[in-house]
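Next come the chains, spelled out residue by residue.
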Amino acid sequence: MDGIDRHTPAEEIAARVSQALERAGITATLSGGGAVSIYSHNEYESFDLDFVTTARNEAIEKALAGLGFRRVAGGRTFDHPDSDFYVEFPPGPLAFGDTVVHDGEVSLRETDSGPLRVVTPTQCIMDRLAAYVHWSDRQALDQATMVARRQPVDWGALDAWARREGVDAEVIDKMRRSSG
């Protein structure tokens, strides 16, 4: 039995998925709302765990079968019969706007369930700000601020990224001030 049920928290499911993929030789990085949930201590809760990868659907399906995940309608989404969380696999490469992030530039977060390959808090903020800028997604800006209030941020890297991506410096300054 896979041990995943409706009470299994997002971080545990994400870590177990990350490890199953690694065992299958698949590199995939948690990003998006799932990373926000973890870094905001569930101030924002997502039931969608996005792992960015270049792996083929069939390899992902095989790697996740042992955890009880099933591929939905032949796509890149997987659900679990005993959990409200689902796992999606946006195609790589991992990028925030035009800035591509390489495998060695993400973090390996130690969890009670083992290691989880996940974007850093600063990269998580970049991801959310890219959604805010490119899709006018106000909720994404709020999510970025939630992460900035709870996690250490590399403000220099964030400022440089924002300049390259055309993010208004006032947005970053306001976030910096609100993170205290």
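Scroll up a little and you will see the structure.
Rules behind the numbers
- Residues numbered from 1 in each chain as written.
- Predicted model: local features only at pLDDT ≥ 70, side-chain atom pairs only at ≥ 80, totals over all residues.
- Heavy atoms only, no water.
- Helix = DSSP H or I, 4+ residues; strand = E, 2+ residues; numbered from the N terminus.
- Contact = heavy atoms within 4.5 Å.
- Areas by Shrake-Rupley, 256 points an atom, 1.4 Å probe, with all protein chains shown as cover.
- Lys, Arg positive; Asp, Glu negative; His and termini not counted.
- Charge placed at Lys NZ, Arg CZ, Asp CG, Glu CD.
- Buried < 20%, exposed > 50% of the residue type's maximum accessible area, 1.4 Å probe, protein only.
- Pairing = 2+ DSSP bridges.
- Polar contact = N/O pair within 3.5 Å; in protein donor to acceptor, adjacent residues only side chain to side chain.
- Core = buried A, V, L, I, M, F, W, Y, C linked by side-chain atoms within 4.5 Å.
- Salt bridge = Lys/Arg side-chain N within 4 Å of Asp/Glu carboxyl O.
- 1 Å grid on protein atoms, 1.4 Å probe; cavity = no way out; pocket = protein on both sides within 12 Å on 5 of 7 lines; lining within 4 Å.
- Points joined across faces, edges and corners; volume = space filled by probe spheres on them.
- Nonpolar A, V, L, I, M, F, W, Y, C, P; charged D, E, K, R; others polar.

Student: In this structure, what is going on with the overall build of the protein chain? I would like to understand it.
Tutor: Within the protein chain one finds 7 helices and 9 strands. A principal-axis box enclosing the C-alpha atoms of the protein chain has dimensions of 50 × 30 × 25 Å. The long-range fraction of contacts in the protein chain, counting pairs at least 24 apart against all pairs at least 6 apart in sequence, stands at 62%. Approximately 8700 Å² of the protein chain is accessible, and the part contributed by carbon and sulfur atoms is 48%. A gap of 1 Å separates the mean positions of the 19 positive and 29 negative side-chain charges of the protein chain.

Student: How should I be thinking about the pairing of strand 2 (residues 48-52) in this particular structure?
Tutor: Taken residue by residue, a regular strand's side chains alternate between the two faces of the sheet. For strand 2, the buried fraction is high: 5 of the 5 residues fall into the buried class. Side-chain alternation along strand 2 places Asp48, Asp50 and Val52 on one buried face and Leu49 and Phe51 on a second face that is also buried. Bridge analysis of strand 1 (residues 29-31) against strand 2 gives 3 bridges, and the strand direction is antiparallel. Residue pairing in the sheet places Leu30 in a bridge with Phe51 of strand 2. Where strand 2 and strand 5 (residues 86-88) come together, 3 bridges link them in parallel fashion. Across the sheet, the residue bridging to Asp50 is Glu88, located in strand 5.

Student: Just checking my understanding: could you explain the pairing of strand 9 (residues 114-118) for this structure?
Tutor: Counting buried residues along strand 9, 4 of its 5 residues qualify, which places the element largely inside the surrounding structure. Note: strand 8 (residues 107-111) against strand 9, 5 bridges, orientation antiparallel. In the sheet register, Arg109 faces strand 9, and the bridge partner there is Leu116. Hairpin connection from strand 8 to strand 9: 2 residues lie between these consecutive antiparallel strands.

Student: Would you mind going over the side chain of Arg128 with me for this structure?
Tutor: Structurally, Arg128 is set in helix 4 (residues 121-135). With relative accessibility at 13%, the residue Arg128 sits in the buried group. Here the side chain of Arg128 touches Gln143 through a polar contact of 2.9 Å, side chain to side chain. Once you skip the residues sitting within four places of it in the chain, Arg128 turns out to touch Gly32, Gly33, Val36, Ala140, Gln143 and Ala144.

Student: What's the story with the nonpolar core in this structure? I'm lost.
Tutor: What tends to happen in soluble globular proteins is that the nonpolar side chains get buried as a cluster. Membership of the largest hydrophobic core comes to 55 residues, with the highest contact counts inside it found for Leu21, Phe51, Leu64 and Leu129. Ranked by residues supplied to this core, first place goes to helix 1 (residues 10-23) with 7 residues. Apart from residues lying up to four places away in sequence, Leu64 is in contact with Val17, Ala20, Leu21, Phe69, Phe78 and Phe89.

Student: Even after reading the chapter, I still don't get the pattern of salt bridges, so can you show me in this structure?
Tutor: Working definition: two side chains of opposite charge can pair if their charged atoms are close together. What the rule picks out here adds up to 14 salt bridges. Here Glu61 ties to Arg71 by a salt bridge, and the two come within 3.2 Å at their closest N and O atoms. With Glu61 in helix 3 (residues 57-65) and Arg71 in strand 3 (residues 70-71), this pair connects stretches of sequence that are 10 residues apart. The exposure class assigned to Glu61 is partly exposed, which follows from its relative accessible area of 33%. For Arg128, the salt bridge is made with Asp127, and the minimal N-O distance between the two is 3.2 Å. For the residue pair Arg128 and Asp127, the accessibility class agrees, reading buried in each case. Ionic contacts of the salt-bridge type, sharing partners, join the residues Glu43, Arg149 and Arg150 into one network.

Student: Whenever I open this one, the layout of surface pockets confuses me. Can you help?
Tutor: Over the atoms, a rolling probe the size of a water molecule traces out where space has been left empty. Its boundaries defined by the atoms lining it, the largest pocket holds a volume of some 350 Å³. Forming the boundary of the largest pocket are 17 residues, of which Ala95, Phe96, Asp127, Arg128 and Trp135 lie nearest the centre. Of all the secondary-structure elements, those providing two or more residues to the lining of the largest pocket are strand 2, strand 6 (95-96) and helix 4. Of the residues assigned to the lining of the largest pocket, the class counts are 10 nonpolar, 4 polar and 3 charged. There is about 190 Å³ of room inside the second largest pocket. Every residue lining the second largest pocket is listed: Tyr132, Arg138, Leu141, Asp142, Thr145, Arg149, Glu170, Val171, Lys174, Met175 and Ser178. Where the lining of the second largest pocket is concerned, the elements lending two or more residues are helix 5 (138-150) and helix 7 (169-178).

The values reported here are purely geometric and, on their own, carry no functional implication.
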